[in-house]
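The lines below spell out each chain.
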Amino acid sequence: MSEKMPNMDYDADEVINDFKAKFKWGKTNEVDVVVKPPKVWLKILISALATVILGGIVYYMMLPALNFHDSQMYIFIIILLAIFMFVFSIVCKANKKIERREYVKKKSMVPVIITAVILVIMGIGWLAGATIFRASSYSNIMPVTTSDFSTDFQNISVDGVPRIDESRALTLADQQLGSLSEYKSQYVVSDTTTMINYNGRPVRTAYLEYADVFKWFNNTKEGLPAYMIIDLISQKVTVVNCLEQFGSCIKYSQTELFNEKLIRHIRFQYPTELLDTPNFEVTDDGHPYWITPVLKKTIGLFGGTDVKGAVITDALTGESQYHSIEDVRSDESLQWIDAVYPVDLLIQQYDYYGKLKNGFWNSIIFQNDVNLTSHGYGYIAMNDDAWMYTGVTSSEADSSNFGFIFSNQRTKETRYYQNGGAIESAAQSSAEDAVQNYQYKSTFPILLDIEGHPTYFMSLYGDSNTVKGYALVNLKDKTIVGTGLTDTEKSDEKALNAAVENYIEALADKGIVDADVDVNEYLVSGESSDSQPSDTQPSDSSESSDSANPTVTGKVDSIKTSVNNGNTFYYFEINGKYYYISVADCMEALLVNMGDNITVTVGETANGDFVSAESLVIN
């Protein structure tokens, strides 16, 4: 072993600085030469190909319209520029070599300038459509006509308006799905429905969704097997089996993934159109379609949103066809369509009209004749269309309305009624106060005409989201209230009639109407008013054949429904046999509940346990 000592003649600071220099990134001011990477053209080509691939993935997810009026398109272009420069910097090894980083930085000035130009265009386009400059244009988007309440509402009766709202309709649909063993483990009911006028009745349509991604893998090849129609008056739920009725399941929907996802499917068919959220509707014969509003910007680059048409997509085959809004309004073959104008858009357009008709600065400072829609809205079926209703109040959100509007969701026809009174929330509070011992909650009210007096109609809900009764509140005097409860009246129809009777009696007590007014004119007619609750009707079935048309009397053990050739059939199980009848032939079928005691007049057709019926009576 050597006994020599190691050489200790070195400077420690010098060694440390030399070590740091090996790992230190260079600074811009230290770079003497900007080095151009070799084969730049190849690197540009690689970057372009990568941008196409990654950009395609981004487009597949974003689905922007290739339309100058879509802000998403500008964002998409900026993303493409960012992708290209990122990939170009990687292939040039700018992250490792500072002289190449400086080269990439210099070349990035072009996309930066393009991005700046895009942002400037967006800014100018937004300013060109700002309400401060275009108040008059915004106020003219929605034509509004003043109409007479008594004339328009004289044919709208108490038994023709929706008795349940969307939340209750979804609850009923969920309950119905739970009773269908072939569906309940694989599907759930969609959380949105569409209010339509179906064969003259207000209903909501709800489609099914896959319960989770694993259920999608298991069922997407066949598609969604059924949809539901919830009658908003009778509260009956009809499950329409698409495979049985139309020979195919629903292949395109909001719940699908990849190319069968509805909005992606429509975007690939109409890449330049501004598409709104599709609505699920059915024709009068029950065929399912998706109605997708096509929007346009009428003020500046991004302002003045309106509907210019609709894409009608067959939910079974995916075939789509575009129709202009003029065709939707006038073409008789398209009259079954109801939801073209989104409710939020209708409310926004009326708010523009009510707020800006006297100028932008008036809406901010003086606020002369400024009015806005009240909070909340309801629906009603009228003239074979679905109409949106909401009140009109001042900009200060008073506790009263000085009018209300009805707006047609198919045509955008908007009628203003100058009937002032209590705001909807105040009417709801009056109805709830009248039954405060039960702590029921009321639905958003709908207006009716009773003896020439605008009247709020509401359903009362219990904790289980079930209808527990009805309330009527006078528009001008919210202290005039009439209620009827199912717990005391023992049936839904009797509760509704009790509310009407109590309300008219309250009007008479205050001298608003004559004491001898004909109450029967407003009562719900039919044998349903005389039906008893199911738990009071135990009886055994019996059959009589003393006539050419025998009858069967018994308790209804179960109820099933189907749609055949556009007609809804109800199947009532009595003593193991199903007696079926079309709603078109017997409207009383809508009023039968499970457990009711009914008498069926037997028809001539029989197939095993399924027997046709000519008529029925609720005992």
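Residues numbered from 1 in each chain as written. Predicted model: local features only at pLDDT ≥ 70, side-chain atom pairs only at ≥ 80, totals over all residues. Heavy atoms only, no water.

Some details on a negative patch on the surface
Using the following cut-off: A residue counts toward a patch only above 30% relative accessible area and without a salt bridge, and it is joined to like-charged neighbours within 9 Å or, for Val, Leu, Ile, Met, Phe, Trp and Tyr, to nonpolar neighbours within 5 Å. Throughout, the Shrake-Rupley method with a 1.4 Å probe supplies accessible areas, and for residues the shown protein chains are the sole cover considered. The salt bridge criterion pairs a side-chain nitrogen of Lys or Arg with a carboxyl oxygen of Asp or Glu, the two atoms within 4 Å. For the purpose of charge, His is not counted, nor are the chain termini; Lys and Arg are scored as positive and Asp and Glu as negative. A charged residue contributes its charge at one atom only: NZ of Lys, CZ of Arg, CG of Asp or CD of Glu. Only DSSP runs of H or I with at least four residues qualify as helices, and only runs of E with at least two residues qualify as strands; both kinds are numbered from the N terminus onward. With a 1.4 Å probe rolled over the protein chains alone, any residue whose accessible area is under 20% of its type maximum counts as buried; one over 50% counts as exposed, and the rest are partly exposed.
A cluster of like negative charges, contributed by Glu451, Asp514, Asp516, Asp518 and Glu521, occupies part of the molecular surface. Tracing the chain through its elements places Asp514 in the loop between helix H18 (492–509) and strand S24 (542–544). The exposure class of Asp514 is exposed, given its relative accessible area of 58%.

Section: unusual backbone geometry
Phi at Asn383 is positive, roughly 55 degrees, even though this residue is not glycine. Here Asn383 shows up in the loop between strand S13 (378–382) and strand S14 (385–394). Looking at Asn383, the relative accessible area reads 55%, which means it is exposed. For Lys490, which is not a glycine, the phi torsion comes out positive at approximately 75 degrees. Counting through the fold element by element, Lys490 comes out in the loop between helix H17 (486–489) and H18. In this structure Lys490 comes out as partly exposed when scored by relative accessible area, which is 48%.

Quick notes on a nonpolar patch on the surface
Together, Trp126, Leu127, Ile132, Phe133, Trp361, Ile364, Ile365 and Phe366 give the surface a local cluster of nonpolar side chains, amounting to about 940 Å² of exposed area. At the level of elements, helix H5 (109–128), helix H6 (131–139) and helix H15 (360–366) are the ones that each hand at least two residues to the nonpolar patch. It is H15 that contributes the most residues to the nonpolar patch, 4 residues altogether. Take Ile132: it is sitting in helix H6. We classify Ile132 as partly exposed; its relative accessible area is 38%.

Here's the deal with the pairing of strand S27 (residues 567–574)
In summary, the side chains of a regular strand alternate between the two faces of the sheet. Selection rule: Any two strands are treated as partners once DSSP identifies two or more bridges connecting them.
Within S27, 7 of the 8 residues are buried, which leaves the element mostly enclosed by the surrounding structure. Where strand S26 (residues 558–564) and S27 come together, 7 bridges link them in antiparallel fashion. Residue pairing across strands places Ser558 opposite Glu573, the latter belonging to S27. Across 6 bridges, S27 lies against strand S28 (residues 577–582) in antiparallel orientation. If you follow Tyr570 over to S28, its bridge partner there is Ile581. In this antiparallel pair of consecutive strands, S27 and S28, the connection spans 2 residues, and Asn575 shows a positive phi of 55 degrees.

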